[in-house]
Amino acid sequence: MDNNKFVIPTYNKIADAYTKQYFNDLTDIPYVDKFLQTLPEGVKLLDIGCGPGTFTKHLKQKGFEVEGVDLSEEMIKIAKEKVPGVSFSLMDMRKLDYPDNSFDGLLVAYSLIHISSEEIPSTLEGFNRILKLNGSIMIIAQGGKPDQIVDEPLKAGEKVFINFFTKERLSDFLKQAGFDIDYQEELPMQDADSLSDKVIYTIAKKG
């Protein structure tokens, strides 16, 4: 079963509400900036699961060459309106259509959590493939139980598939895919509408 049927239609329906709630949310920016400090100025980044372009906008403002991909048509449409001058593409993170060694850095914020445990290894191997040697990846994920179908908090009656992590579990997946962990921290989640009470920030390097 493809869990996207519990993700993409839901995100298309909540795109406007999600944008209104999160587009100007700066909670994660200090940690994103920590990631950006691991990279040379102005290099090429990919925002994977970019949603309405929340973080894409910040990366662009920081002077990086950035592209965004998402599998929600409505999110991509909003991102193009909100963040002009950036290339946004409708693309599945499990099958990224880029040549090897295309990017210096990858930001994966609140999006890997919609990939099933079974598909995490091949997805991370795909991330590794498009990342240049010594390139950096940042994953922002929530802490909690894996592989659940739950109620979407932003729209009553809608379901969404989530795959939450522990620090150790996420680290193991990354190491198996050829990454070295540079930084990892778990903190209390500040978003009252989140399905988890913990957020995990992880920065890793392609070995």
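Just so it is clear, the model here is predicted, and its values are computed rather than measured.

Turning next to the packing of aromatic side chains. Scanning the model with the defined rule gives three aromatic pairs in all. The interplanar angle of 85° and the centroid separation of 4.9 Å between the aromatic rings of Y98 and F103 together place this pair among those described as edge-to-face. Judged by relative accessible area, which is 13%, Y98 ranks as buried. When its relative accessible area of 0% is taken as the criterion, F103 is described as buried. With centroids separated by 6.4 Å and ring planes inclined at 90°, the aromatic side chains of F165 and F173 adopt a geometry described as edge-to-face. Seen from the ring of Y183, K34 lies directly overhead, with NZ or CZ sitting 4.8 Å from the centre. Geometry around F103 places K44 over its ring, the cationic atom sitting 5.2 Å from the centre.

Among soluble globular proteins, nonpolar side chains are generally buried collectively. Among the nonpolar cores identified, the biggest contains 33 residues, and L112 and F127 are the most heavily contacted of them. Elements supplying a minimum of two residues to this core: β1 (44-48), β4 (103-109), α5 (120-130), β5 (131-142), β7 (159-162), α6 (167-176) and β9 (198-206). Ignoring sequence-local partners within four residues, the contact set of F127 consists of I48, M93, L96, L106, V108, L112, I137 and F179. Among the nonpolar cores identified, the runner-up in size contains 28 residues, and L39, L59, F64 and L107 belong to it.

Reading the values: rules and limits
Residues numbered from 1 in each chain as written. Predicted model: local features only at pLDDT ≥ 70, side-chain atom pairs only at ≥ 80, totals over all residues. Heavy atoms only, no water. Phe/Tyr/Trp six-rings, centres within 6.5 Å; stacked < 30°, edge-to-face > 60°. Buried < 20%, exposed > 50% of the residue type's maximum accessible area, 1.4 Å probe, protein only. Lys NZ or Arg CZ within 6 Å of the ring centre and 35° of its normal. Core = buried A, V, L, I, M, F, W, Y, C linked by side-chain atoms within 4.5 Å. Helix = DSSP H or I, 4+ residues; strand = E, 2+ residues; numbered from the N terminus. Contact = heavy atoms within 4.5 Å.

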